[in-house]
Amino acid sequence: MTPLRAGVIGVGMIGSLHARVYADHPSTDLVGVVDADLARAENVASDLGTRAYRDLDGLLEKANLDILSVAVPEQHRTYPAVAAAAQGVHLLLEKPLAPTLEEVDELLDALEPAGVTTMVNFILRSDPRYLQVREAAQAGAFGELRTLTARRTGTAAGAEVYGPWTDLLISTAIHDLDIMTWVAGAPVSRVYAEAVAGRCAEWGHEDAVLATLRFANGVIGAVETSWVLPTSPAPLSSGLRVVGTAGGATIEGNDHGLALLDGDGLHLPDLANWPMGRSGVEGSLRASIDHFIACVRTGADPVMDLQGARAAQVVVAAIKESINAGTPVTIDTSRTGSQIP
């Protein structure tokens, strides 16, 4: 089949990985990249053998796109998504969709009538470990689920890099909130959360959050997230524990058992999300982009659509409300639009 003509807007760390996947993928041609920092776009384009554009309008006008990854910060995501969809370009949007639910709803109102395939990049849904746990839970292998516990704790570098323009819950914990909903097979109906503000207080954000969740089917859960750990030995500490009446499951870490020791100390590299391998970028990011490409080709529904992404942001908003109010917050699950395929 003719390769899909792919572009990327926003080639920071994540967007440049999207671009590399498209450049290496047998089903796509990377035909252009855009970034507010033109020098950065030119560096990525030179490295990957494609063209850098000063703005999205130039890319849309000259590159004849089939698909576009939108990896700019969430406060700048609406314009490129809507402009590309208006030209029939299929979209892979990084999460979250927008800073607030009001802005999310504005984006959905603009995109849903466009009729293009739109997937939101929640990569844990493409991690084979989480897929196996989800499938086992839905098959009843664990009996009746009782508790879900998730952890995603990053380093203090997260506060320095991301704190000025986003926050811990909407950028990081949202992955686990979504995957817990996916495994539980029911939307979150109530949350209660406590937070500690330290370094991120400068930007009005939290350094660490603990939240308890009740799902609409009676399962209860807890999520722990922070940007406080030292940079070594691991860039991220994450995990999931599932307990049911007939069994359960545990996912621990991203290093797949690899530990490296050198003159700089002990390192536990991330081999789950976007490690480099013989095919270029691999891991759950590559699997997620593979899935998006397949959905565009076949017309199949993506594993995470706009309504599913909105549902995750509803939970984030409820946790923030609980932190501010100091009380539990009930979520109207009839209005969350939760997607649990």
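Before reading on, note that the structure itself is shown above.
All residue numbers refer to position in the chain's written sequence, counted from 1. Residue-level local features of this predicted model are given only where pLDDT is at least 70; pairs of side-chain atoms are given and counted only at 80 or more, and the full residue set underlies all totals for whole chains, interfaces and linings. Calculation of side-chain values draws on the structure's entire complement of heavy atoms; hydrogens and water are dropped beforehand.

We now examine the overall build of the chain. Helix numbering and strand numbering both begin at the N terminus, where a helix is a DSSP run of H or I of at least 4 residues and a strand a DSSP run of E of at least 2. Each helix and strand in the chain was counted, giving ten helices and 17 strands. For 341 residues, the compact-globule estimate of 2.2 N^0.38 gives 20 Å, and the C-alpha radius of gyration of the chain, at 20 Å, lies within 12% of that figure. Taken over the C-alpha atoms alone, the chain extends approximately 55 × 55 × 45 Å along its principal axes. Between two residues, a contact is recorded if the distance between any of their heavy atoms is within 4.5 Å. Within the chain, contacts between residues at least 6 apart in sequence are counted, and of these 69% link residues at least 24 apart. Reported accessibility uses the Shrake-Rupley method at a 1.4 Å probe radius. Residues are deemed covered only where the shown protein chains occlude them. Carbon together with sulfur atoms contributes 51% to the accessible area of the chain, which is approximately 14600 Å² in total. A gap of 4 Å separates the mean positions of the 24 positive and 41 negative side-chain charges of the chain. Each radius of gyration is computed over the set of C-alpha atoms, and the globule rule expresses the reference value as 2.2 Å times the number of residues to the power 0.38. We count Lys and Arg on the positive side and Asp and Glu on the negative side, and we leave His and both chain ends out. Where a charge sits is defined by one atom per residue type, namely NZ (Lys), CZ (Arg), CG (Asp) or CD (Glu).

Note that the residue after Lys95, namely Pro96, is joined by a cis bond; omega there is -10°. Note on placement: Pro96 falls in the loop between strand E5 (90-93) and helix H5 (101-111). Here the residue pair Ser232 and Pro233 is connected by a cis peptide bond, since its omega of 15° sits within 30 degrees of zero. Within the fold, Pro233 resides in the loop between strand E10 (220-229) and strand E11 (236-244).

Each cavity reported here is a set of points on a 1 Å grid over the protein atoms alone in which a 1.4 Å probe fits but cannot get out, each pocket an open set with protein on both sides within 12 Å along at least five of seven lines, and each lining residue one with an atom within 4 Å of a point. Grid points are joined across faces, edges and corners, and a volume is the space filled by probe spheres set on the points. Of the pockets and cavities examined, the largest pocket occupies roughly 1300 Å³. Those elements that provide at least two residues to the lining of the largest pocket are helix H1 (13-24), strand E7 (145-155), helix H7 (156-162) and helix H8 (168-184). If you tally residues by element for the lining of the largest pocket, the top one is H7, at four residues. Residues are sorted three ways: Asp, Glu, Lys and Arg are charged, Ala, Val, Leu, Ile, Met, Phe, Trp, Tyr, Cys and Pro are nonpolar, and all the rest, Gly among them, are polar. Tallied by class, residues from the lining of the largest pocket come to 23 nonpolar, 13 polar and eleven charged.

Here we take up the sheet that holds strand E1 (residues 4-9). Should DSSP find at least two bridges between two strands, the strands are taken to pair. Spatially, the six strands line up as an open sheet ordered E3-E2-E1-E4-E5-E6, and their pairing is parallel. Each of the sheet's edge strands pairs with one partner strand only, and the pair in question is strand E3 (52-53) and strand E6 (118-120). As judged from the six bridges shared by E1 and strand E2 (residues 28-34), these two strands associate in the parallel manner. The residue of E2 that forms the bridge with Arg5 is Asp29.

So, about the environment of Thr155. Within the fold, Thr155 resides in strand E7. Expressed as a C-alpha distance, the spacing of Thr155 and Gly326, which sit 171 residues apart in the sequence, is 26 Å. If sequence neighbours within four positions are ignored, Thr155 has contacts with Trp227, Val228, Leu229, Pro230, Thr231, Ala234 and Pro235.

By the secondary structure assignment, Thr28 is in strand E2. Polar contact is defined as a pair of N or O atoms within 3.5 Å, subject to the rule that within protein one atom must be able to donate a hydrogen and the other to accept it, and that residues adjacent in sequence are counted only when both atoms are side-chain atoms. At a separation of 2.8 Å, a polar atom in the side chain of Thr28 contacts the main-chain carbonyl oxygen of Tyr22.

Burial classes follow relative accessibility: with a 1.4 Å probe on protein chains only, a residue under 20% of its type's maximum area counts as buried, one over 50% as exposed, and anything between as partly exposed. All of the buried residues along helix H4 (residues 78-85) are Pro80, Ala81, Ala83, Ala84 and Ala85. On its buried face, H4 sits against E1, helix H3 (56-62), strand E4 (67-70), E5 and H5.

A word on the pattern of salt bridges. Salt bridges are defined as contacts in which a side-chain nitrogen from Lys or Arg sits within 4 Å of a carboxyl oxygen from Asp or Glu. Tallied over the full model, the rule gives twelve salt bridges. A salt bridge links Arg125 to Asp178, with the shortest nitrogen-to-oxygen separation between them at 2.7 Å. Here Arg125, found in the loop between E6 and helix H6 (128-138), pairs with Asp178, found in helix H8; they are 53 residues apart in sequence, far enough to count as distant. Note that Arg129 and Asp127 form a salt bridge whose closest N and O atoms lie 2.9 Å from each other. Three or more residues joined by partner-sharing salt bridges are found here, namely Glu160, Arg199 and Glu202.

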